[in-house]
Every structure is written in C-alpha cells, then in structure tokens.
Amino acid sequence: MRLLWLCLVLVGSATGAAPAFEDTISQRTLACVACHGKEGRAAPDGYYPRIAGKPAGYLYNQLLNFREGRRHYGLMTRLLDPLSEAYVYEIAEHFASLDLPYPPPQPATLPPNVIDRGRVIAMHGNPAAKVPACVQCHGERLTGASPSVPGLLGVSRDYLNAQLGAWRAGERHSHAPDCMAQVAKRLSPEDLTAVAAWLASQPLPADPHPARALPRDMPLQCGSAPVPATKPAVPDTVTRGAYLARVGNCIACHTQRGGAPFAGGRAIDTPFGTVYSSNLTPDSASGIGAWSPSDFWSALHDGRSRDGRLLYPAFPYPNYTLVTREDSDAIFAYLRSLAPVARANTPHNLRWPYRTQAALWAWRTMYFTPAAFEPDKAKSAEWNRGAYLVKSLGHCSACHTTRNAFGASSDMMDLSGGVIPMQNWYAPSLASRGEAGVADWDPAQVERLLRTGVAPRGTILGPMAEVVLQSTQYLSDTDAHAMAVFLKALPQREGAPVNAPALPTRIAEQGARVYRNQCTQCHGDKGEGVAGAYPALAGNRAVNLPVTANLVQVVLGGGFPPATAGNPRPFGMPPYATVLSDADVAAVLSHIRMSWGNQSGAVSELEVTRQRGGTSQ
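Residues numbered from 1 in each chain as written. Predicted model: local features only at pLDDT ≥ 70, side-chain atom pairs only at ≥ 80, totals over all residues. Heavy atoms only, no water.

A. Spotlight on the overall build of the chain. The helix and strand tally for the chain stands at 26 helices and eight strands. For 617 residues, the compact-globule estimate of 2.2 N^0.38 gives 25 Å, and the C-alpha radius of gyration of the chain, at 26 Å, lies within 12% of that figure. The principal-axis extents of the C-alpha atoms in the chain amount to approximately 85 × 65 × 45 Å. Within the span of the chain, comprising 617 residues, buried residues form 53% of the whole. A separation of at least 24 residues holds for 71% of the contacts in the chain among residues at least 6 apart in sequence. Accessible area of the chain: about 27,500 Å², with a carbon and sulfur share of 56%. (Helix = DSSP H or I, 4+ residues; strand = E, 2+ residues; numbered from the N terminus. Rg over C-alpha atoms; globule rule 2.2 N^0.38 Å. Buried < 20%, exposed > 50% of the residue type's maximum accessible area, 1.4 Å probe, protein only. Contact = heavy atoms within 4.5 Å. Areas by Shrake-Rupley, 256 points an atom, 1.4 Å probe, with all protein chains shown as cover.)

B. Expanded view of the pairing of strand β3 (residues 273-276). Here strand β2 (residues 267-270) runs beside β3; their pairing, made up of four bridges, is antiparallel. Following the sheet pairing, Ile268 is matched in β3 by Val275. Where β2 folds back on β3, the antiparallel hairpin that results is connected by two residues. (Pairing = 2+ DSSP bridges.)

C. Main features of the sheet that holds β2. The strand order across the open sheet formed by three strands is β2-β3-β4, and the pairing between neighbours is antiparallel. On the outer flanks of this sheet lie β2 and β4 (349-350), each paired with one strand and no other. In this sheet, β4 lies alongside β3 in antiparallel orientation, the contact comprising two bridges. Within β4, the position partnered with Gly273 by the bridge is Leu350.

D. Examining the environment of Tyr243 more closely. The residue Tyr243 is located in helix α11 (residues 236-247) in this model. Linking Tyr243 and Ser581, residues 338 residues apart in sequence, is a C-alpha distance of 45 Å. For Tyr243, the contacting residues outside a window of four places in its chain are Tyr474, Leu475, Ser476 and Asp479.

E. How the structure looks around the nonpolar core. Counting residues in hydrophobic clusters, the biggest one holds 54 residues, and the most contacted among them are Leu335, Phe486 and Leu487. For this core, the secondary-structure elements that each account for two or more residues are α11, α13 (293-302), α14 (317-320), α15 (325-336), α17 (381-393), α19 (443-452), α20 (464-470) and α21 (477-488). Of all the elements, α17 adds the most residues to this core, at six residues. Not counting residues up to four positions away in its chain, the partners in contact with Phe486 are Trp383, Gly386, Ala387, Val390, Lys391 and Leu415. Ala92, Val552, Ala563 and Ala586 belong to the second-largest nonpolar core, a separate cluster that totals 48 residues. (Core = buried A, V, L, I, M, F, W, Y, C linked by side-chain atoms within 4.5 Å.)

F. Up close: the packing of α19 against α21. α21 packs onto α19 with a crossing angle of 120 degrees between their chain directions and a minimal axis gap of 9 Å. In the packing of α19 onto α21, the handedness of the crossing is right-handed. Together, Pro443, Val446, Glu447, Leu450 and Arg451 of α19 and Asp477, Ala480, His481, Met483, Ala484, Leu487 and Lys488 of α21 make up the contact between the two elements. Among the residues making up the contact of α19 with α21, the classes are represented as seven nonpolar, one polar and four charged. (Axes fitted to C-alpha atoms, helices over the stretch in contact; angles between N-to-C directions. Left-handed = near helix turned anticlockwise from the far one by under 90°. Nonpolar A, V, L, I, M, F, W, Y, C, P; charged D, E, K, R; others polar.)

G. Seen up close, the confidence of the model for the chain. Per-chain confidence: the chain averages 88 in pLDDT, with 92% of residues scoring 70 or above. Taken as a whole, residues 1-15 scores under 50 in pLDDT and shows 89 contacts with residues more than four places along the chain or in a different chain. In this model, residues 227-232 is a region of pLDDT below 50 whose contacts with residues beyond four sequence positions or in other chains number zero contacts. (pLDDT = per-residue confidence, 0-100.)

H. Local environment of helix α22 (residues 505-518). Over its 14 residues, α22 extends 20 Å from the first C-alpha to the last, a length consistent with the 20 Å expected when each residue adds 1.5 Å. Residues Gln510, Gly511, Val514 and Tyr515 constitute the buried set of α22. Buried residues of α22, seen end-on, are gathered within an arc of 130 degrees and therefore sit on one face of the element. For α22, exposure combined with an orientation more than 90 degrees from the buried face picks out Thr505, Arg506, Glu509, Arg516 and Asn517. The elements touched by buried residues of α22 are α23 (520-523) and α25 (582-593). (Expected span 1.5 Å × (residues − 1). Arc of directions from axis to C-beta.)

I. Broad picture of the pattern of salt bridges. On inspection of all chains with the given rule, the structure shows 18 salt bridges. Residue Arg28 is joined to Asp23 by a salt bridge in which the shortest nitrogen-to-oxygen separation is 2.9 Å. Here Arg28 falls in the buried class, since its relative accessible area comes to 9%. A salt bridge links Asp329 to Arg325, with the shortest nitrogen-to-oxygen separation between them at 2.9 Å. Taken together, the residues span about one helical turn, with Asp329 and Arg325 both in helix α15 at a distance of four residues. Residue classification places Arg325 among the partly exposed residues on the basis of a relative accessible area of 32%. Salt bridges sharing partners connect three or more residues here, namely Arg67, Glu68, Arg70 and Glu85. (Salt bridge = Lys/Arg side-chain N within 4 Å of Asp/Glu carboxyl O.)

Now the structure itself:
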C-alpha cells in the first residue's frame, strides 16, 4: 500500500509579462521533444529515436511497455507513471499525426557482403533459422502499418542494433505473443548487425507513410495492449471496500510493474534491504484465499501475518492499526472478489539482523503499540473524519515525518516533513506555512489539489503524483472536504529566516545563461510562469524549501503532474539529466533561488551529483 508522497510545487505571486504561450498538445508534450528532438524528429545522436509519424498504436504500446516494465529506461518510466492511458494515447496520436521529412540514410560502412546479407534477411528472411522476412510484417516498403507495426527506415543503425540486441538479450519485451523477441533470438549477432546496417542505409520511398492496414501474410501474431473488460456489478460491501483500498492506495505497492493487480512482488527499497510486497489476490496457495477476515484485521491492526509472523513496517501497520474493523472487513471483501493470481511471494532481501523476527520484536517493543482511532469530541465530525483518513488509511505520516536510524518516528503524526528513505525526495512539512501547510488556503482549493493534482496555489509533481493518480483523485466529495478541514487545522510552524549570501559572479552568470536558454520559454523571463500550465518560480514555496532535493530531482528527471479526471492533459517538464551538467543544474537552481525576490541560497554541484544517480537510470 503505497506511501503518500506530497511533493508540491506551490505557486506564489509573480510580476512581469507572461511568456508567449499557446495551449496546444505540442506545448503540453515539450517534455518529450527535449530528448526526441524538435517535433519528435529524433535526437542528433540517434540514441533517442524518431517518434514523429510512427503508427499511433505502436507508440501507445511502447509507452505502456516503458510504464509497465517491459522496456527499461528510468526517465521514460518516470515521465509516464503519472499519466492516464487516455492521455498516453492522445500523446501517441499527436506524434503519429506529424508528417515531417525524414533524415537522409546513413552511409553503409560495413563490407558489401555483410550489407547484402542484411538485405537478404530483411527482404526474404532466413528459413533455416525460422526467421521471417522483415517485409512480411513491416510492409513491402518497410514503412510499417497502422495501427501498431512501426516502420524500419529512417531509424539510426545504432538504435536498431540496440533494440534488436535488447530483444535478443531479454531486456525488452512486449505483450505476449512477443514476436520480435522470437525473431531476435533466432538471429545471430552477425545477422542482427547486418540487418540493422542495411536498414539504416536505405532511402525512404516516395510515400514514407505507414500502410493503412496490416500485411495479410504476417507470419507471426504479435501481442498488443489489452482492452479492459467490462466489470460486473458487485455487492455494496465490495464496492465500499474497493473505495477504501483506493484511499489506502494498496494497488501501488502490491502490484509489480507490469504485473497482475494486487498480485504483489513489487520491490520496496529500505535502508535495511529490499522488502517485496505480498500477493493480496484470493489465490489459496500464494495469496489470501485461505485467510479469514480476522486474519486480515490482525495484519492491519497488529502487524502480524496469518501464521503469526511479525510483519515488516514497510507495510505501514503503525498507521493501519487505526483502521476500524468495519473498514478492514470491507477491504478484505473487495480483495476476495478479485480474480485469484497464482504468484508465489518473493522472499525479502534484508541484511542481518534486520531479517530476523527477534529484530522485529525489538523494534515493535520500542516503536509500536496497537491502537484504535479515538475521535476528538472537541472537534467537528468533518475534522475527525479527515484525521482518520490522514492518520490511518492515508498513512501520510509514513513520508511526512522524519524517521530515525531504525526507520521509526517518535511521533508518527507530527507531519513535519522528512526525506523519504531511498527515494531522495523530501516530503515537505504539512505543518509549516513555508513548506506545504495549507492553513491559509480555501478548503475548496485543498480539495482540488488532492483530487486533480493542480490548484491556483499549487501543482503536484514527483512521487506524490502517483498517489493522486491512483488514490486521492477518487476521494468522495465528503472525504476530500474532511481531509481539507483537518489539514487546514494543523498547527503551523514558522520557518527560520534565511539570510543567504550573494552568488559568486561566475555562478550567477552561468545560472542566468542556462535559465535564459532552457527555462524562459515556459517559466518566463522573471519566473512568472503561465497560470494553469507552468508554475511561477518567483515566490514559489517549493523553490525556497531549505531542502533542495526535490528541485534537483525535477530538473534532472522532469515529469508530469498526474493525469486526473479534473486535469486529464497536464503539461510536462522536460528531463535535463542528459542535457545539463551537474554544474549547470546547480547554477540554474541557485539563480532561481536567488532571483525575483527569492532569497533561499545556492545549490551546490555536490548536491546535484548525489541526486543524479537516482534519476537517469
């Protein structure tokens, strides 16, 4: 059940003329062209492929493959995680619609006999190795076919080599039946190189567009993204349990990337090793099919499994202990209504002594006591409902509270902010006006932020975007208002004033130059931003946080706000990990934190270097 991460980019007042802006899908997808080149024509180095003009179904499937773990590139996965499938398909359709000239073919640099070998395989296949000809699936002109077969021409030799090699090595997958994996594994490394070299050296035909239909004689039936089935009607208790499981965001942790929902297996990194989430489907052997409602209640309330084992607090039972028995039973009824998935639980990989039950017993003795939620009779029913959701199912303190060296907090409910272990994100304080406190917000704006990810005074970015996408956007009107009432009532602390020294001239000039070249198009000359699209940087609370981890993460990794029902087509922030050096990132962030009234101090190059490893995988 995914931890709540609140990484807010809060917009303050700003002055100055707004940058030129037109609300188009091209503007909303600038995050894509930062790597894939202007209008998706491909990066000059050939590493990031052309996406303009590819069939929409193909692009859609590849985006889902990145998001669900069948293809692996950390920056792509991070950009796609907050987006709905509807928005992903709209992005795919946008780039598919671009009719742009292709680059000239690459000169053939391998010996003529190797190039000719590639031609023979591409045009006629290798029957002895059961390798079909490329033209049998990708069309006689090798320009692909709508809706889901890509063209093979106009793509760099290095990219073709890399992708064929990834399929051959099992590093890239598609939906079953994965026909390209079958073909690539039947190609020898020499044949693979020959095919890539020949394809890259071929000019495009006069009509480079994909064919309007798949070839009739395709030798393989390839998989594609499945169409969701219509769900049958379910009892009221199950419906209520499904809602409560949403509020707790159980699916986020208990679903392996690309795996069956709730079947477990997702790795949760901790300072003590890796914990793997368990199978919550009603499979009798590997899931909770043999559990009773009391067994499930014991796991939530006492942190004990059905067999009496103590559970690791990566499963946030210090919060779930407050969940009522009625809510526990409803969630259990919902989980029992799911289709069973036979998937054995992955053993945890923890260091000694943390993997022992004795260590867990000692931890619980010091830091955990089963409890029940006690309403505050001096507060309103709305406040108490909000407190229950935030403290129990929402488990907000799991991120918004500083933890000690043993992964525990002396006060699980103080919500005063903290660095999320192993994630390198800072969950800002919900009890500080200078960080993420909302005491002076209108309740409707807090509700809007929780349910859509955007509000006039804030935008959700970072890991919290997944929480909004999977969980809080589904809050009922009543529960969203109750959470807003509780969060507004939190006692607020004032941050210490910052008296930052002026930036050295060299860093100031470098930061201003990078900002002018990379940032003004969206955020404006004076950090004023564009209302409803790009947050202002002048007076922005997130810019001025004393902890700079989130700023560095956003610049390196980019990202989208969550694509919610209330904001289905968010604007994206490009990732600059491959564009800017650590010195450039440090300089531009220092410039932003010391301009337009911001006085928050410099960001060091060392801080950027420490963060880079987690964003450019």
